[in-house]
Amino acid sequence: MGEREEVKILGFWASPFVHRVQWALNLKGTHFDYAEEDLWGEKSALLLSTNPVHKQVPVLIHNAKPVVDSLLILEYIDDTWTHRHQILPTDPYDRAMARFWAKFGDEKLLGPAFRAMCSSSEKKVMGANSVAESLEFLEGVLKGKKFFGVENIGYLDIALGWLAYMLEVWEEVGSMKIMDANKFPCLANWMKSFVDHPLIKDSLPPRDKMVVYFEERCKILASLFN
Ligand SMILES: N[C@@H](CCC(=O)N[C@@H](CS)C(=O)NCC(=O)O)C(=O)O
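Residues numbered from 1 in each chain as written. Predicted model: local features only at pLDDT ≥ 70, side-chain atom pairs only at ≥ 80, totals over all residues. Heavy atoms only, no water.

With an unreviewed UniProt entry as reference, the chain is termed glutathione transferase, source organism Stephania japonica. Regarding the chain, the UniProt comment filed under Catalytic activity (unreviewed entry) reads as follows: "RX + glutathione = an S-substituted glutathione + a halide anion + H(+)". Of the comments in the UniProt record for the chain, the one headed Sequence similarities (unreviewed entry) reads "Belongs to the GST superfamily." (UniProt positions renumbered as here; feature names shortened; annotations may be inferred.)

In structure tokens:
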């Protein structure tokens, strides 16, 4: 890759999707510029023109070409910066499985955990229970490995990384308990290894700021989810 290439992320500090892209570029050692979007105020003209379909972050702009959707951006990053830290597994079956579990994480964990945080009473309990059931599958996938990527952080670790630092915040904000280290010992170890990784730990948003932000979001979204 040439030295003068443009690599820019349009992001939002509390977005688990945006962190994926930042982590992947950090793991690759690829320098990038970052522009914070005012998601709940006025979105920038650049965001609207680079992601006109969803108008969401993250957007990766590489030499004027935008790529959207965090999981697809991870694939693009791995295909583009091949010199260091392979993100996706090499074996086709392992790649397919990593993609399957990443999608599972978004559909069965991230969305439902977020909704449970902002829901009240029965819906919250049902939501929290369904997320805990889904965690059981991931405990099986991990089977005592340090990372889903086995030796080092890979695609699935990055895709599920939000669990390692954000689930606990969502549990506090939503007054709910989902993660149980006794029930999910492999996941508990993985969460610790993930947030302790030198390229991850310095990029995590401040916990207190996240609590305040998600409390505010829940107040706004409560009527939608209840
Ligand atoms: N599937 C997308 C989801 C992105 C997403 O939901 N981004 C949120 C921030 S967490 C966003 O931009 N929301 C603003 C909006 O929907 O208007 C991805 O993986 O990139």
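Undergrad: Which parts of the structure should I look at to understand the UniProt feature "domain: GST C-terminal" (unreviewed entry) in the chain?
TA: Those places that UniProt annotates as "domain: GST C-terminal" (unreviewed entry) correspond, in this numbering, to residues 91–214. The distance separating the terminal C-alpha atoms of residues 91–214 is 39 Å; by composition the span is 75% helix and 0% strand. (Helix = DSSP H or I, 4+ residues; strand = E, 2+ residues; numbered from the N terminus.)

Undergrad: Would you mind going over the site of the ligand with me for this structure?
TA: Residues in close proximity to the ligand include Ser15, Phe17, Leu39, Trp40, Lys43, Gln56, Val57, Pro58, Asp69 and Ser70, which together make up its full environment. For the ligand, an oxygen atom lies 2.5 Å from a polar atom in the side chain of lysine 43. Separating an oxygen atom of the ligand from a side-chain N or O atom of glutamine 56 is a distance of 3.0 Å. Looking at the shell around the ligand, its residues break down into five nonpolar, three polar and two charged. (Near = heavy atom within 4 Å. Polar contact = N/O pair within 3.5 Å; in protein donor to acceptor, adjacent residues only side chain to side chain. Nonpolar A, V, L, I, M, F, W, Y, C, P; charged D, E, K, R; others polar.)

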